Amino acid sequence: MAAPLRLTNTLTRRKEEFRPIDPSNVRIYACGPTVYDFAHIGNARPIIVFDLLFRLLRHLYGEAHVTYVRNVTDVDDKINARAAERGVSIRELTDGTLTQFHEDIRALGVLRPSVEPRATDHIEEMRRLIEGLVKSGHAYVAEEHVLFDVPSMPDYGQLSKRPLDEMEAGARVDVAPYKRSPLDFVLWKPSKAGEPSWPSPAGIATPGRPGWHIECSAMSWKHLGETFDIHAGGLDLIFPHHENEIAQSRCCFGTAVMANYWLHNGFLQVEGEKMSKSLGNFVTIHDALKEWPGEVIRLNMLKTHYRQPIDWTARSLDESWDTLRSWYAHEDFGSGGDAEIAPSVLEALLDDLNTPRAIAELHSLSGKGDRAALASTLRALGFAGRIDDPRAVEVDRDAVQQKIELRLAARAAKNWAESDRIRDELKAMGVQLKDGKDGTTTWEFARH
Ligand code: AMP
Ligand code: ZN
């Protein structure tokens, strides 16, 4: 009998044994992407980490007994602005971005979640939640907005450990005049001209659109119920997003918790700073996949424990590539077969997804020559044995050969400038030429 699964719960700040409400249907929700543009490698971190958790839960409870919901936010200011900029409809923009996102994360070995709800398909649920909150005195209408009345919830702030009175004391004063308390947040707001809009709840005559937080309360309710097991996302979502989700769901349903376990991944950083769109220090998953095989990116992400910050460097990616190459350097690695997690690796993962230790155990299996256990464990963890060099694949061999011939002709005509130009052009494609003594030229693809 394996040790129990233990997870660090942000709600209690402790590592706790995981006990599902219903082992025949373990329910997990993760906040998904806002689909206005390519996702970056930082966004890939929660996707990969919680995919691993999904796989582990399926291993422990059975594939048919885990429901994993990862939503898509397809109503947002950035989406409206980008669609207007490109002159496309919002649906065209969000559909295109979502298709790209699916392609990118499939290359990272990520499974499709059980349900992938879109916010715009759940407006009715949002309206019902908002109506419920107004009726129970936790929300109010002001200037065609519906606001959540934060002081109406005495234990608001439990997740982020910010007591209500402290927040009230520290609140900014330059807030919208229609808010009763500066802490109150928007559940529904009027749509501006050109923005998507839906019939409003709570007797508001003009059409409007939902706030961000209510989306996740509505989608998790629809697909997982009023209370579920695990809610996950990046560290930056603890406050205000997750705090406000909890306020909405608990106050609407009168429940003690929204989810029993709250898991948060640390940031992926570049030179010590969080990778983000606004800082401009980001690499999209799409571009990263032109340089590194998806499985290398996946392994590199898992080398660091999910709660720790991770510095994203080419050097670390190179090392991950070397590791996979050594693990894959044996017969028929990727061709089907069992997908069972070796006990030593499982034990590491059960300890709050201790992936650094799990990887050390994989090295140990490799060192002992236990190829079958290594292969089947890797498969179970989302590694299919494919590490083709994406940069090599991009090279059109015929085009390279043609350029080499042009260069040989230039050399024969003693046109050294042209010859050098062609050499540089090939170099930019990653092709390294080697001139032989006998006048022939061979080439190789150089990774660096
Ligand atoms: P966003 O598109 O910013 O709402 O982020 C989508 C998801 O990616 C959320 O769970 C964020 O917490 C997470 N995320 C964004 N940036 C990073 C980062 N640099 N490192 C880790 N997670 C991130
Ligand atoms: Zn959310």
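Structure's up top.
Before going into details, it helps to say that this report is about the structure given with it.

About the cut-offs
Residues numbered from 1 in each chain as written. Chains lettered and ligands numbered in written order. Predicted model: local features only at pLDDT ≥ 70, side-chain atom pairs only at ≥ 80, totals over all residues. Heavy atoms only, no water. Donors = N, O, S within 2.8 Å, 3.2 Å for Na, K, Ca; no water. Tetrahedral: all angles 85-135°; square planar, octahedral: opposite > 155°, others 65-115°. Pairing = 2+ DSSP bridges. Helix = DSSP H or I, 4+ residues; strand = E, 2+ residues; numbered from the N terminus. Buried < 20%, exposed > 50% of the residue type's maximum accessible area, 1.4 Å probe, protein only. Near = heavy atom within 4 Å. Polar contact = N/O pair within 3.5 Å; in protein donor to acceptor, adjacent residues only side chain to side chain. Areas by Shrake-Rupley, 256 points an atom, 1.4 Å probe, with all protein chains shown as cover. Nonpolar A, V, L, I, M, F, W, Y, C, P; charged D, E, K, R; others polar.

Considering the coordination of the zinc ion (ligand 2)
Piece 1. C31 (SG), C216 (SG), H241 (NE2) and E245 (OE) make up the full set of protein donors to the zinc ion (ligand 2), lying at 2.1 to 2.5 Å.
Piece 2. Around the zinc ion (ligand 2) sit four donor atoms; with metal-centred angles ranging over 73 to 129°, the donor geometry is irregular.

Comments concerning the sheet that holds strand β11 (residues 268-270)
Piece 1. The three strands are arranged β12-β11-β13 in an open sheet whose pairing can be described as mixed. The open sheet has two free edges, formed respectively by β12 (273-274) and β13 (310-311), since each of these has just one partner strand.
Piece 2. Taken together, the two bridges between β11 and β12 define a ladder with antiparallel strand orientation. Residue pairing in the sheet places V270 in a bridge with E273 of β12.

Digging into unusual backbone geometry
Piece 1. Geometrically, the link from F239 to P240 is a cis peptide bond, its omega value of 5° lying close to zero.
Piece 2. As for its position among the elements, P240 is in helix α7 (residues 238-253).
Piece 3. The backbone of D352 shows a phi angle near 55°, a positive value even though the residue is not glycine.
Piece 4. Mapped onto the elements of the fold, D352 is located in the loop between α11 (343-350) and α12 (355-367).
Piece 5. Given a relative accessible area of 3%, D352 falls into the buried group.
Piece 6. The phi dihedral of K414 falls on the positive side, at around 55°, and the residue is not glycine.

Quick word on the site of ligand 1
Piece 1. Around ligand 1, a shell composed of 13 residues is seen, among which G42, G234, D236, L268 and M275 lie nearest.
Piece 2. In the model, an oxygen atom of ligand 1 is placed 3.2 Å from a nitrogen or oxygen of the G234 main chain.
Piece 3. Between ligand 1 and N265 there is a distance of 3.3 Å, counted from a nitrogen atom to a side-chain nitrogen or oxygen.
Piece 4. Here ligand 1, which alone exposes 490 Å², has 85% of that area covered by the protein.
Piece 5. Among the elements that make up the shell around ligand 1, the one with the highest residue count is helix α1 (residues 41-61) (three residues).
Piece 6. Taken together, the residues that form the shell around ligand 1 break down as five nonpolar, six polar and two charged.

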